[in-house]
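A closer look at the structure
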Amino acid sequence: MSVDRRSFMKSVAAGSAACLVGCNTGDPEPTRPGDEGALCEPPVAPPPPDLDYPGASYFDQVSRDLDAAGIGTPVVFIDMDRVDANIDAIVRGISAPLSYRIVEKSLPSLDLLSYVSERSGSDKFMVLHLPFLAPLLDALPNAQVLIGKSHLTSAVESFFGSQPAGTDLAAIASRVTFLADNPTRLDELVALAGRLGVTLKLAIELDVGLARSGLNDPGLLAPMLRVFLSSSAVEFAGFLGYDGHIAHSPTGTGAGMDLAWSAATEVYQSYVDILNGPEFEALASLPDLIFNSGGSSSYPMYSTGTPVNDVAAGGGVLRPGSYPNHVIAELQPAIFIGTPVFRVYPEPRLPFFTAANSAGAFGGRKGVTIAGGGWPAYFTHPPGIQPAPLVSDPTDHSMVPNQGMVTAPADTPINPGDWIYYHPRQSDALFQFERIMLVRGGRLETETMAAYPRRY
Ligand SMILES: Cc1ncc(COP(=O)(O)O)c(C=O)c1O
């Protein structure tokens, strides 16, 4: 359990029991503030996953480069050598005739998306967030986009409605495939296409086991396909069936993932079989149909035995901490957050606590205040950093607290101005920063990338 600073202050002020976080005194009666003696075991963060992290000398060099550049605020940086290796691994893992589709949500920077597109040779994108669609189409003129979720029809309408006067809506519509996840949505999109006077390219979203969205009854497919046969306002573009659940099978093993993949593939195939029936030949023979699935934790599985011809992967380029390692051990962590240390307290105190109780709560560790903190991420460097007892803002309360506090083992050499590094759980941590710093050859580059959608 974890308690945020304000609730903690309130409960202390109300004189309630102080043993709020991870207490383990062996004493059945919680100790009240002001009492002497050890209160709590210091909290322990989950350890970083077992990945190929750079060593201490790497982070020390980045720290020196940040200092030399006069940077004193939190940064996110990506290691371009690792990014290159990850892109190359993904491209090798999604080989022809499969297409690689770059996921915008997980790489939220136009500069980075453009870099990945250039290195991978793919101009196919999956866009999850509609507000980013227009800037992406604008910045990447060759981009062909598959929208990654079935948005409300009102949101699709407002996307088209927000284009500047004189925009060729038909040209935009020809570059984007929207999704329909049920017959009602399809009817709405047919009506919208009529109102806009454009042909909308639409793929049908399938639920292949994630149980989040998409058709979950093959019986619904034929009536939807008939709508495409009878309407020229919409053009059938294929299927999207995301497999986001399979790497998280409850067995926690590669074998469990294989089974989940096979089950998802069987479901996918059952829809493709309906499309391939005699009634829908005119649709099944359309050129360039997209049969999309996959993601960063599963992309290498789509080589044979699948109807899928288009595989998405985004976050894998940066390999954040949350992807299970079953089939993507090749991908290396390439995104880190760094934040400067403000103060170091060899004998840290907690508000309202006596010196003895504070010492008990910190367990002999140093208190270290930093800029920000709270990011959903693993402590990566220096070794042994942990959240502070009681006063750490959990990430579901504040992702960028003003001055977070962490702790370090008593023998860790750490001083104001030093840097603490995190490995984010998700690559979309980029959203919280204005600029993305770049490291190449272990050195900070002067060039940076703009975090999306800001453009300077
Ligand atoms: C539809 C869809 N496809 C693929 C992905 C995979 O993205 P990533 O490779 O960044 O995990 C996602 C992630 O949210 C998704 O929603």
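For clarity, every value in this text was computed on a predicted model and none was experimentally measured.

Before going further, it helps to spend a moment on the overall build of the protein. What the protein contains, in helices and strands, is 12 helices and 17 strands. In terms of its C-alpha atoms, the protein occupies a principal-axis envelope of roughly 80 × 50 × 45 Å. Taking all 456 residues of the protein together, the buried fraction comes to 41%.

Let us look at the site of the ligand. Around the ligand sit 15 residues in total, of which Ser-106, Gly-295, Ser-296, Gly-314 and Gly-315 are the nearest. A breakdown of the residues in the shell around the ligand according to their chemical character gives 6 nonpolar, 8 polar and 1 charged.

Let us look at helix H2 (residues 56-68). Compared with the 18 Å implied by 1.5 Å per residue over 13 residues, the 18 Å span of H2 between its first and last C-alpha is a close match. Turning to H2, its buried residues are Phe-59, Val-62 and Ser-63. The arc that holds every buried residue of H2, seen down its axis, measures 105°, which confines them to one face. Across from the buried face of H2, at angles greater than 90 degrees, the exposed residues are Ser-57 and Ala-68. Against strand S10 (335-345), strand S12 (377-381), strand S15 (419-424), strand S16 (435-440) and strand S17 (443-450) lie the buried residues of H2. Phi turns positive, to about 75°, at Gly-70, one or two residues after H2.

Before going further, it helps to spend a moment on the domain arrangement of the protein. Under the domain assignment, the protein is made up of domain 1 (5-71 + 332-425) and domain 2 (94-316). For domain 1 and domain 2, the distance between their C-alpha centres works out to 42 Å.

Before going further, it helps to examine unusual backbone geometry. Note that the residue after Ala-96, namely Pro-97, is joined by a cis bond; omega there is 10°. Mapped onto the elements, Pro-97 comes out in the loop between helix H3 (80-93) and strand S2 (99-103). Positive phi is not limited to glycine here, since Arg-319 has a value of about 45°. Position of Arg-319 relative to the elements: it lies in the loop between strand S9 (310-313) and S10. One non-glycine residue, Phe-352, lies in positive phi territory at about 75°. Relative to the assigned elements, Phe-352 resides in the loop between S10 and helix H12 (355-362). On the basis of neighbour count, Phe-352 is assigned to the partly exposed category, with 15 C-beta atoms found within 10 Å.

With 5 of 5 residues buried, strand S1 (residues 75-79) is to be regarded as a mostly interior element. Here S1 shows no split at all, with Val-75, Phe-77 and Asp-79 on one side and Val-76 and Ile-78 on the other all buried. Pairing analysis gives 4 bridges linking S1 to S10, with the strands arranged antiparallel. If you follow Phe-77 over to S10, its bridge partner there is Phe-336. When S1 meets S16, the two strands line up parallel, connected through 4 bridges. Opposite Val-76, over in S16, you have Ile-436 as the bridge partner.

Residues at a pLDDT of 70 or more form 90% of the protein, whose mean pLDDT is 91. Confidence over residues 11-38 falls short of pLDDT 50; this stretch has 50 contacts with residues more than four positions distant or in other chains.

What follows deals with H3. Its 14 residues give H3 an end-to-end C-alpha distance of 19 Å, which sits within 8% of 20 Å, the value for a rise of 1.5 Å per residue. Residues of H3 that are buried: Arg-82, Val-83, Asn-86, Ile-87, Ala-89, Ile-90 and Gly-93. Across the axial projection of H3, the buried residues extend over an arc of 165°, all falling on one side. Residues of H3 that are buried make contact with S1, S2, helix H4 (110-120) and S9.

What the 8 strands build is a closed barrel, ordered S2-S3-S4-S5-S6-S7-S8-S9; its pairing is parallel. Averaged over all adjacent pairs, the angle separating strand axes in this sheet is 30°, with direction ignored. Pairing of S2 with strand S3 (residues 124-127) involves 2 bridges; the strand directions are parallel. Its bridge partner lying in S3, Ile-102 is registered against Phe-125.

The rules we used
Residues numbered from 1 in each chain as written. Predicted model: local features only at pLDDT ≥ 70, side-chain atom pairs only at ≥ 80, totals over all residues. Helix = DSSP H or I, 4+ residues; strand = E, 2+ residues; numbered from the N terminus. Buried ≥ 20, exposed ≤ 12 C-beta atoms within 10 Å, placed from the backbone. Near = placed C-beta within 6 Å. Nonpolar A, V, L, I, M, F, W, Y, C, P; charged D, E, K, R; others polar. Expected span 1.5 Å × (residues − 1). Arc of directions from axis to C-beta. Contact = placed C-beta atoms within 7 Å. Domains from an automatic or database assignment. Pairing = 2+ DSSP bridges. pLDDT = per-residue confidence, 0-100. Axes fitted to C-alpha atoms, helices over the stretch in contact; angles between N-to-C directions.

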